[in-house]
Structure formats: C-alpha cells, structure tokens
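Coordinate inspection notes
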Amino acid sequence: MTADRQSQFRQMRDAACDIFRHALAEASIAKAFARHVHCERGVLRVCEDLYHLHAYSRVLVVSIGKAGHTMVEALTQQIGESFLDTSLEGIVAISVEPSAQVRGFRYFRGGHPTPNAESIHAANAIRKALDAQTAASLVIFLISGGGSSIVEKPIDDEISLDDLIATYRALVHSGAPIAEINAIRKHLSAVKGGRLAQAAFPAQQVSLLVSDVPDNTPDALASGPTMPDSTSAEDCYRIAEKHGLLPQLPHSTRELFERRALEETPKSDDHAFYRSRWWTILSNQTAVEQASAAAERAGFSVHVDNSCDDWDYERAAEYLLTRLHELRKKSDRVCLVSGGEVTVKVTDGGIGGRNQQFALACAEKIAGENITVLSAGTDGVDGNSPAAGAMVDGTTVERAQSTGLDIRAALEKFDAYLFFSALGDAVETGPTGNNVRDLRILLAY
C-alpha cells in the first residue's frame with residue numbers, strides 16, 4: 001500500500017472520529033436542559049409546562065440511569081442556588097461513581113448491565129421517599145438509559161438477587177430487541193412499568209427523559225418506571241416463547257411464566273397518571289442530526305438511514321454497506337449516518353459489545369475499499385468492554401493479518417475488543433454521563 005493511500009485512510013478514520021465526538025458534544029445533557037428547562041423567580045418551565053416551586057410543600061427529585069448525576073447537575077444549574085439551598089432534595093441512582101455529589105442528594109451505585117445489591121437498596125429508598133409524598137408535593141423524575149438494572153426490586157420476594165441477575169443475563173443474551181426485553185423486565189419489577197408513578201401518587205409528577213430507546217416507545221426507557229405501560233403480561237408470554245427464554249430462566253422467574261402468574265402493570269387509565277407529565281428532552285435524533293451537520297461541514301454528501309434499528313448486527317451491516325455503495329454511485333464523498341441499536345445474540349462471549357461486533361462484521365466486506373465505518377455508543381461503554389465502539393476501513397483486514405489477528409475467531413467468540421485494541425482502532429471516550437443510543441457513521445470516498 002502506498003504512503004498516500006495509508007495517509008488517506010488515516011485521515012478518514014480521523015474524520016469519522018471527529019464526526020462522532022462532535023455529535024457527543026452537541027447532544028449533551030447540559031445543552032438539552034438549557035434548551036428545554038428554565039427557572040425564574042421560583043417558576044420552573046419544563047418544555048410547555050410551568051411549575052410554581054414555592055407552591056409545593058416538598059420538591060423531590062428522583063434521578064435514575066447512566067445519566068443520573070449529569071441530569072441532576074443540569075437541573076440544579078437551571079434552578080439556581082437560591083432555591084436549592086432550602087427546598088430541593090432527592091435521590092440519584094447511577095452505575096459509576098461521580099467525581100462529586102450534588103448537595104442534598106443521596107447517591108446509590110446500581111449495577112449495569114445486571115442489577116446488584118445497591119440496585120435494590122436504591123429501589124427501596126426511592127419507594128420509601130415516594131410513599132411519603134402528598135398531593136402538595138412535586139416529584140421531578142429524571143430518567144435515562146440503564147435505569148432498568150441500576151434501580152430494581154423484584155415483584156416477587158421469592159426472586160433472589162442471584163436469580164434476578166440470571167434473568168437479566170438471559171434477556172440480554174437472547175437477541176431480543178430492547179423493547180421486548182423491557183416488556184418482561186417491567187412485569188417482573190416492583191418499580192418499572194409505571195409502578196414508581198403509583199408509589200408517588202397523589203403528588204404532582206413530571207418526568208424529563210434522556211432517551212436511549214426508539215422514539216415511538218418512550219415507555220421502554222429504563223423500563224418506563226413513571227409511564228403507563230403499553231405492554232401486557234400476554235406480550236411477555238409471547239416474547240418468552242418466541243426467543244426460547246424459559247429454559248434459560250432460573251426457577252423463581254420461570255415458574256411465574258409457567259403458571260401465567262405475571263401481575264399486570266398500570267395502564268393509561270390508572271389514577272397514578274392523572275397528575276403526571278412526560279417530556280423527552282434529548283434522544284438519538286439529536287445525535288444523528290449533529291453527526292449529519294458535522295459530516296456536511298467536512299464536505300460529505302450526507303444521508304440518514306435509521307431503518308436497521310434493532311436489527312441483527314450482520315443483517316444491519318449488509319444493509320448499510322449496500323446502501324453506501326448505492327449512494328457512492330452519485331457522489332465522490334458520502335457519509336451515511338445511522339442511529340439506534342443493533343442486536344447481538346451472544347453465546348459464550350469474550351470482551352466486546354454490539355458496536356464492535358457490527359464493525360467487525362463490516363471489516364471483511366470492505367477489504368481494500370475506500371470505506372471507513374465507525375460504530376459507537378453515546379454512553380461511552382460498549383457491552384462489557386472499556387470502549388465505546390470501534391472503527392474499520394479498507395485496511396483493517398490487511399493490518400490484522402500482518403499482526404496475526406484473526407477476524408473470524410474474534411467474530412465467532414464475540415471477542416472484538418482485544419482485536420480492536422491491538423490494532424489501535426477501538427473508540428475509547430470513557431463513560432460520558434449521557435446515553436442516547438448508538439451512532440453508526442459510514443464514509444465512502
């Protein structure tokens with residue numbers, strides 16, 4: 001390979017990284033709160049709603065998910081110190097230790113992608129705080145991705161923490177889309193599927209959502225703890241059968257399915273939602289728009305295609321590369337941006353995640369071509385690896401072979417991280433304190 005070709009590929013890998021990092025910066029929680037949340041003279045505006053904070057006897061903030069701390073910081077920044085000094089209290093449940101804590105808030109470090117003991121302690125603390133609220137209270141819920149495992153309490157006391165973890169693992173490794181996984185989580189939980197809203201009733205409630213789920217299923221976010229549930233117990237039985245889940249579940253959860261004994265979640269006519277509002281202030285769409293804008297400024301003809309959301313990673317790779325080849329016939333420099341998540345059914349996995357698995361699936365298909373593919377999560381964490389995702393291009397196969405790396409073995413063993421780390425093509429940002437799903441950036445030049 002000539003020095004010019006090597007230089008071109010390096011420039012395109014840099015361009016893909018720049019586009020991704022710009023999207024991360026612009027789809028930030030601080031900027032979303034600045035756009036949608038404002039407080040002046042004790043009147044809090046959340047999108048189209050107004051709340052006179054001094055009119056409530058108590059204002060409780062419950063922040064759940066990977067972005068839990070970042071959202072509380074952004075909220076307190078908008079509300080201002082004068083009100084905070086005397087009136088605001090709350091609970092934050094997150095998956096990583098924050099660099100500092102917001103005064104007046106109790107912090108819990110729940111588990112992700114599976115619950116831990118702190119997840120249950122957080123759920124108990126939140127339920128206790130909500131039970132103490134009255135009709136004169138305002139509860140502000142801040143909900144972000146990862147909340148399903150970070151705050152959890154089984155609906156049945158017979159389900160132990162070990163059984164809960166085993167159930168989560170079975171769901172995550174089933175290959176089911178996140179909406180189907182969360183339908184089952186809701187019906188096995190005392191805090192999901194609207195049950196936190198029930199606990200907070202009769203307080204006034206408003207939920208601010210930083211969404212890592214498809215835009216048309218907002219109640220799937222963190223398994224919808226404050227929203228009416230659009231799924232049913234019957235859906236859960238169907239999903240379990242479709243994915244062959246029952247043999248993978250521990251006895252305590254399996255027998256609830258076998259007896260068809262799942263408790264139904266609250267629906268839209270439940271009284272818990274009479275004084276409730278929900279606003280999505282940040283979603284994957286923001287990241288897609290910002291990535292597109294950055295790619296346009298870099299001189300690419302930009303196209304967006306989110307249609308492979310929740311597809312199997314191999315099918316998604318084939319589809320997006322086919323689209324990219326079609327688009328390249330009409331332009332010399334093309335950027336195809338794709339938001340959402342792909343699915344991976346893991347068996348005996350190594351270290352990696354869905355983004356790295358998707359990138360690996362693209363590598364052989366683009367060998368020798370002037371194509372660069374970046375796939376990464378906006379939370380900065382891909383699966384069980386320390387990377388956000390990875391990049392591949394027309395040189396990946398050649399560079400892997402020259403260093404003795406086996407793409408096929410990495411794919412089959414779901415062990416992509418060591419492969420990309422050795423090549424220097426892992427995308428590593430560290431946890432971002434945000435989570436608006438994944439971005440796939442495909443460049444042809």
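Scroll up for the structure.
Residues numbered from 1 in each chain as written. Predicted model: local features only at pLDDT ≥ 70, side-chain atom pairs only at ≥ 80, totals over all residues. Heavy atoms only, no water.

As a further point, take the overall build of the chain. Helix and strand content of the chain: 17 helices and 15 strands. Its C-alpha radius of gyration of 22 Å places the chain within 12% of the 22 Å reference for a compact globule of 445 residues. Surface accessibility of the chain: about 17,900 Å² in total, with carbon and sulfur atoms responsible for 48%. Counting 44 positive and 58 negative side-chain charges, the chain places the centres of these two groups 2 Å from one another. (Helix = DSSP H or I, 4+ residues; strand = E, 2+ residues; numbered from the N terminus. Rg over C-alpha atoms; globule rule 2.2 N^0.38 Å. Areas by Shrake-Rupley, 256 points an atom, 1.4 Å probe, with all protein chains shown as cover. Lys, Arg positive; Asp, Glu negative; His and termini not counted. Charge placed at Lys NZ, Arg CZ, Asp CG, Glu CD.)

Further remarks concern the packing of aromatic side chains. Per the counting criterion, the structure on display carries five aromatic pairs. Consider the rings of Phe9 and Tyr445, whose centres lie 6.2 Å apart with planes at 75°: the pair is edge-to-face. Of this pair, Phe9 sits in helix H1 (residues 3-26) while Tyr445 sits in the segment after strand E15 (438-444), placing them 436 residues apart in sequence. There is no split in this pair, since Phe9 and Tyr445 are both buried. When the centroid spacing of 6.1 Å and the interplanar angle of 55° are considered together, the rings of Phe273 and Trp278 count as tilted. What makes Trp278 partly exposed here is its relative accessible area of 28%. Over the face of the ring belonging to Phe300 we find Arg333, whose NZ or CZ atom lies 4.2 Å from the ring centre. A cation over an aromatic ring shows up here: Arg440 above the ring of Phe358, its NZ or CZ 5.9 Å from the ring centre. (Phe/Tyr/Trp six-rings, centres within 6.5 Å; stacked < 30°, edge-to-face > 60°. Buried < 20%, exposed > 50% of the residue type's maximum accessible area, 1.4 Å probe, protein only. Lys NZ or Arg CZ within 6 Å of the ring centre and 35° of its normal.)

Examined against the element boundaries, Ser28 turns out to sit in the loop between H1 and helix H2 (29-36). On the accessibility criterion, Ser28 (17% relative accessible area) is buried. A distance of 3.2 Å separates the side chain of Ser28 from the backbone nitrogen of Lys31, its partner in a polar contact. Excluding residues that lie within four positions of it along the chain, Ser28 makes contacts with Leu282 and Asn434. (Polar contact = N/O pair within 3.5 Å; in protein donor to acceptor, adjacent residues only side chain to side chain. Contact = heavy atoms within 4.5 Å.)

The next thing to look at is the pattern of salt bridges. This model, assessed by the stated rule, comprises 28 salt bridges. Across the salt bridge formed by Arg238 and Asp235, the nearest N and O atoms sit 3.6 Å from each other. Of this pair, Arg238 and Asp235 both sit in helix H10 (residues 233-242), three residues apart, which is roughly one turn of that helix. Arg238 gets classed as partly exposed once you look at its relative accessible area, which sits at 44%. Relative accessible area serves as the criterion here: at 22%, Asp235 is assigned to the partly exposed category. Among the charged side chains, a network of salt bridges with common partners joins Asp309, Asp310, Glu341, Arg354, Arg437 and Asp438. (Salt bridge = Lys/Arg side-chain N within 4 Å of Asp/Glu carboxyl O.)

Helical geometry note: an α-helix holds 3.6 residues per turn, so side chains three or four residues apart project in the same direction. Of all the ten residues making up helix H14 (residues 354-363), nine are buried; the element is thus mostly covered by neighbouring parts of the structure. Within H14 the residues assigned to the buried category are Asn355, Gln356, Gln357, Phe358, Ala359, Leu360, Ala361, Cys362 and Ala363.

By way of backbone hydrogen bonds, the strands of a sheet pair with one another, either parallel or antiparallel. Here three strands make up an open sheet; going across it, the order is E1-E2-E3 and the pairing antiparallel. Two strands bound the open sheet, and with one partner strand each, they are strand E1 (37-40) and strand E3 (49-52). Recorded for the sheet is a direction-independent mean angle of 20° between the axes of neighbouring strands. Against the sheet, H2 contacts E1 and strand E2 (43-46), and its axis sits at roughly 55° relative to E1. The strands touched by helix H3 (residues 68-79) are E1 and E2; relative to E1, the strand with the most contacts, the crossing angle is about 35°. (Pairing = 2+ DSSP bridges. Axes fitted to C-alpha atoms, helices over the stretch in contact; angles between N-to-C directions.)

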